[in-house]
Amino acid sequence: MAMKQIRMNGIRLSNPQVGVSQSCPDGAASPSVYLYRLLADERINITFLSLFFADDAPRINCCVSPDKQAKVEEFTLCDDSGITCRPRIGTVSVYPHQFSFSALGYLLYVFATERFYFHQMASSGAMLTFVVDYGDQEKIAAGLERHLDLPATRTPLRQEIDADEILALYKKRPETSAEYVESKVRTYGINLKPGQTLCTMMISGDALADWGARIQTLEESRLRFSFVSAETMPAGRIQLYFLCGGEADGADIDLSVFSGINGCQVSLRPDVCLISLQGPHFGDRYGIANQAFSVLTGGPVSMLLAACVGAMIYIVVSDDEMHQAKALLSEVFETP
Amino acid sequence: MSEMKLILVVDDDPDLVEAVSMKLEAENYRVAKAYDGVEAMESIKAEKPALVVLDVMMPRKNGWVVCDEIKKNDQLKDIAVVMLTAVADAVQTTSYTHYEGKTTLADDYIPKPIDLDKLMEIIEDHLKA
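So, here is what we can say about the structure in this document. (Residues numbered from 1 in each chain as written. Chains lettered and ligands numbered in written order. Predicted model: local features only at pLDDT ≥ 70, side-chain atom pairs only at ≥ 80, totals over all residues. Heavy atoms only, no water.)

Observations regarding the overall build of chain A
Keep this limit in mind: Numbering of helices and strands runs from the N terminus; a helix is a DSSP stretch of H or I covering at least four residues, while a strand is a stretch of E covering at least two. Whether two residues are in contact is decided by their heavy atoms: any pair within 4.5 Å suffices. Residue exposure ignores everything except the shown protein chains as possible cover, and the areas themselves are Shrake-Rupley values with a 1.4 Å probe.
In terms of helices and strands, chain A carries eight helices and 17 strands. Put simply, 79% of the contacts in chain A that link residues at least 6 apart link residues at least 24 apart. For chain A, the accessible area works out to roughly 14,000 Å², and carbon and sulfur atoms hold 48% of it.

Encoded structure:
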């Protein structure tokens, strides 16, 4: 199948990170304390998060700074935490995806054909971010550079200094330094996108190239995805979740596109809502994910999926619960 | 019909660049995008935008330096610069110095999180001037 090359503006690479994951211990419906809460309590910033509560086995994956490795390893010592650590991972982000199936399909096709391995993947409004082994990061960036149509001057950019180093630089001017506290975390707004269909797919890793090629064909329909998230599972299977425009956008997903993909299992859940919120430097500040998720999990709203990528938080709930979710989020986040 | 003015949006947060760009395009501006200070200077020299919406804390070259380079260059100094700053105001876990901000020659400042309507007002004011 001919693949359509895509134009992108840039590739961004993270510094080394530590991956921390939580899944339910055997027999438990949910962990006793969620990972994002533990990290917030220790003032540990989450640079990437993907959360999957839509299945029978809830899972949370986070990336944190490597200087917090000793602390997060302590979490794993608790028998019922279900927490595991993966040292030396990193992220590769490509932007902007423009919510295009062509871009999504092409990137996954490239990962598959180049045999690039990712642990998780999630979208923000502009970026598709892949969590990869740090040792593979440069190789993946070089491969993407070969395949993508990038502006000549925009080579992959590594985040050379992290937020803590920036703060240290600023603190060298003590006569004008100050610390502030927000009583309520400010955002650009809490947006609802109802009427979406959540498409869940389990595919074998060796079918990813085929899947990528086929999903590119949806570009010609009027369908657009509004969120995508994925995780590589044991035995190399890939669990993919994407939200796409429902009838409100005048298009429905045609499942026949995926028929015949080796080992592909598909399920659809209509009438879900994508909640998005974005705030200044959300990706550099601890406790933001906990503020958002704790207010929901403590109440009557069931999160299906969530992700924190860059400065954005995405949460997927059923349409029935979206207004309640927004009201709860508005208690802890200020909107313009 | 008047020519659509070009505005360069510079921020290391691609999501914010997209959000501001969409608003500007809806208001009939042409938009160029850059994601760090080095890219911004390349774009400014090549495309000579009418106005630059410029973040402060960015990799490779920060916004204060970019602003200085614009305002100290005779060929670029008339380009209006509106600086975006998250740290000029209250944030939960960061520290910040105003020192460099007070010594640069930006035409205007707007705190993050940006009120997009307010940003449009500021942009229109500077482009009319």
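Let's talk about a nonpolar patch on the surface
Residues and elements named next belong to chain A. To keep it simple, the criterion reads: Without a salt bridge and with relative accessible area above 30%, a residue can belong to a patch; like charges are then joined within 9 Å and nonpolar side chains (Val, Leu, Ile, Met, Phe, Trp, Tyr) within 5 Å. Salt bridges are counted wherever a side-chain nitrogen of Lys or Arg sits within 4 Å of a carboxyl oxygen of Asp or Glu. Here's how the labels work: a residue is buried when its accessible area is under 20% of the maximum for its type, exposed when over 50%, partly exposed in between, all with a 1.4 Å probe on protein chains only.
Residues Leu 255, Val 266 and Leu 268 make up a contiguous nonpolar surface patch of about 200 Å² in total accessible area. Relative to the elements of secondary structure, Val 266 occurs in strand β14 (residues 265–278). What makes Val 266 partly exposed here is its relative accessible area of 33%.

A word on empty space enclosed by the protein
Residues and elements named next belong to chain A. Quick note on the threshold: The method works on a 1 Å grid over the protein atoms by themselves. A cavity is a set of points holding a 1.4 Å probe that cannot get out, a pocket is an open set with protein on both sides within 12 Å along at least five of seven lines, and residues with an atom within 4 Å of a point line them. Grid points are joined across faces, edges and corners, and a volume is the space filled by probe spheres set on the points. Throughout, the ten residues Ala, Val, Leu, Ile, Met, Phe, Trp, Tyr, Cys and Pro are labelled nonpolar, Asp, Glu, Lys and Arg are labelled charged, and all others, Gly among them, are labelled polar. In this document the domain limits rely on a domain assignment from an automatic tool or a database.
One pass over the structure, following the stated rule, counts four cavities of 30 Å³ or more. Taken together, 18 residues line the largest cavity, and the ones lying closest to its centre are Ile 46, Phe 282, Ile 288, Ala 289 and Cys 308. Only α1 (35–41), α7 (288–297) and β16 (312–318) provide two or more residues apiece to the lining of the largest cavity. Here the element with the most residues in the lining of the largest cavity is α7; it accounts for three residues. Class assignment for the residues of the lining of the largest cavity results in 12 nonpolar, five polar and one charged. Each of domain 1 (10–152) and domain 2 (185–334) contributes no fewer than three residues to the lining of the largest cavity.

Here we look at the nonpolar core
Residues and elements named next belong to chain A. The condition that has to hold: Joining through side-chain atoms within 4.5 Å is the link that ties buried Ala, Val, Leu, Ile, Met, Phe, Trp, Tyr and Cys residues into a set, and such a set is a nonpolar core.
Trp 211, Phe 242 and Phe 258 are the most contacted members of the largest nonpolar core, which has 48 residues in total. No other element matches the nine residues that helix α3 (residues 101–113) contributes to this core. Residue contributions to this core reach at least three from each of two domains, namely domain 1 (10–152) and domain 2 (185–334). When near neighbours in sequence (up to four residues on either side) are disregarded, Trp 211 contacts Leu 104, Leu 108, Met 201, Ile 203, Leu 240, Phe 242, Phe 258 and Ile 261. If you look at the next biggest cluster of nonpolar residues, it comprises 44 residues, including Leu 274, Leu 304, Ala 307 and Tyr 314.

Observations concerning a negative patch on the surface
Residues and elements named next belong to chain B. For the record, the criterion: His is not counted, nor are the chain ends, whereas Lys and Arg count as positive and Asp and Glu as negative. The atoms used to mark charge sites are NZ of Lys, CZ of Arg, CG of Asp and CD of Glu.
A surface patch of negative charge is lined by Asp 115, Glu 121, Glu 124 and Asp 125. With respect to the helices and strands, Glu 121 occurs in helix α5 (residues 116–128). The class for Glu 121 is partly exposed, based on a relative accessible area of 46%.

Details of the sheet that holds strand β3 (residues 51–55) of chain B
All names here are of chain B. Worth spelling out the cut-off: A pair of strands is labelled paired if DSSP reports no fewer than 2 bridges between them. Fitted lines through C-alpha atoms give the axes, limited to the stretch in contact for helices. The angle between two N-to-C directions lies from 0 to 180 degrees.
With respect to topology, five strands assemble into an open sheet ordered β2-β1-β3-β4-β6, the strand pairing being parallel. Strands at the two margins of the open sheet, each flanked by one partner only, are β2 (30–34) and β6 (108–111). The mean angle between the axes of side-by-side strands here comes to 20°, regardless of whether they run parallel or antiparallel. Sheet topology places strand β1 (residues 6–10) next to β2; five bridges connect them, and they run parallel. Counterpart to Ile 7 in the pairing with β2 is Val 31. Each of β1, β2 and β3 touches helix α2 (residues 37–47); the most contacted strand, β1, lies at about 170° to it.

Concerning the layout of surface pockets
Space inside the second largest pocket adds up to approximately 730 Å³. Lining the second largest pocket are 29 residues, with A:Asn191, A:Ser276, A:Met312, B:Ala19 and B:Met22 sitting closest to its centre. For the lining of the second largest pocket, the secondary structure elements donating two or more residues are β11 (190–204), β12 (225–232), β14 and β16 of chain A together with α1 (14–26) of chain B. Top contributing element to the lining of the second largest pocket by residue count: α1(B), with six residues. The residue makeup of the lining of the second largest pocket, split by class, is 13 nonpolar, nine polar and seven charged.

Looking at the environment of A:Pro31
All names here are of chain A. Its location among the elements puts Pro 31 in the loop between β2 (17–23) and α1. Its relative accessible area of 8% is what places Pro 31 among the buried residues. Separated by 27 residues in the primary sequence, Pro 31 and Pro 58 have C-alpha atoms spaced 8.7 Å apart. In this structure, Pro 31 is in contact with Gln 22, Cys 24 and Ser 81, ignoring residues within four places of it in sequence.

Quick look at the packing of α7(A) against helix α8 (residues 322–332) of chain A
Residues and elements named next belong to chain A. Rule in force here: Throughout, the term roughly parallel applies to angles under 35 degrees, roughly antiparallel to angles over 145, roughly perpendicular to angles from 65 to 115, and oblique to all others. Handedness of a crossing follows from how the near helix is turned relative to the far one, being left-handed for an anticlockwise turn of less than a right angle and right-handed for a clockwise one.
Between α7 and α8, the least distance of the axes is 9 Å, while the angle of their chain directions is 135°. One way to sum up the angle between α7 and α8 is to call them oblique. Read as a crossing pair, α7 and α8 show a hand that is right-handed. Listed contacts from α8 to Gln 291, Ala 292, Val 295 and Leu 296 of α7 are Ala 325, Leu 328, Leu 329, Glu 331 and Val 332. Its residues placed into classes, the contact of α7 with α8 shows seven nonpolar, one polar and one charged.

Some points on the environment of A:Tyr106
Residue and element names in this part refer to chain A. Applied cut-off: In the analysis that follows, any N or O atom pair within 3.5 Å is treated as a polar contact, provided that within protein one partner can donate a hydrogen and the other can accept it, and provided that, for residues neighboring in sequence, both atoms belong to side chains.
Counting through the fold element by element, Tyr 106 comes out in helix α3. Residue class for Tyr 106 comes out buried when judged on its relative accessible area of 7%. When the C-alpha positions of Tyr 106 and Trp 211 are compared, they lie 9.8 Å apart, and in sequence the two are 105 residues distant. Reaching out from Tyr 106, the side chain makes a polar contact with the backbone oxygen of His 147 at a distance of 3.0 Å.

Topic: the environment of A:Phe116
Residues and elements named next belong to chain A. Along the polypeptide, Phe 116 turns up in the loop between α3 and β6 (120–123). Given the relative accessible area of 9%, Phe 116 is considered buried. Residues Phe 116 and Lys 139, spaced 23 residues apart in sequence, show a C-alpha to C-alpha distance of 8.6 Å. With residues near it in sequence (within four places) discarded, Phe 116 still touches Val 110, Phe 111, Lys 139, Ile 140 and Gly 143.

Take it as geometry only, folks, not as evidence of what the structure does.
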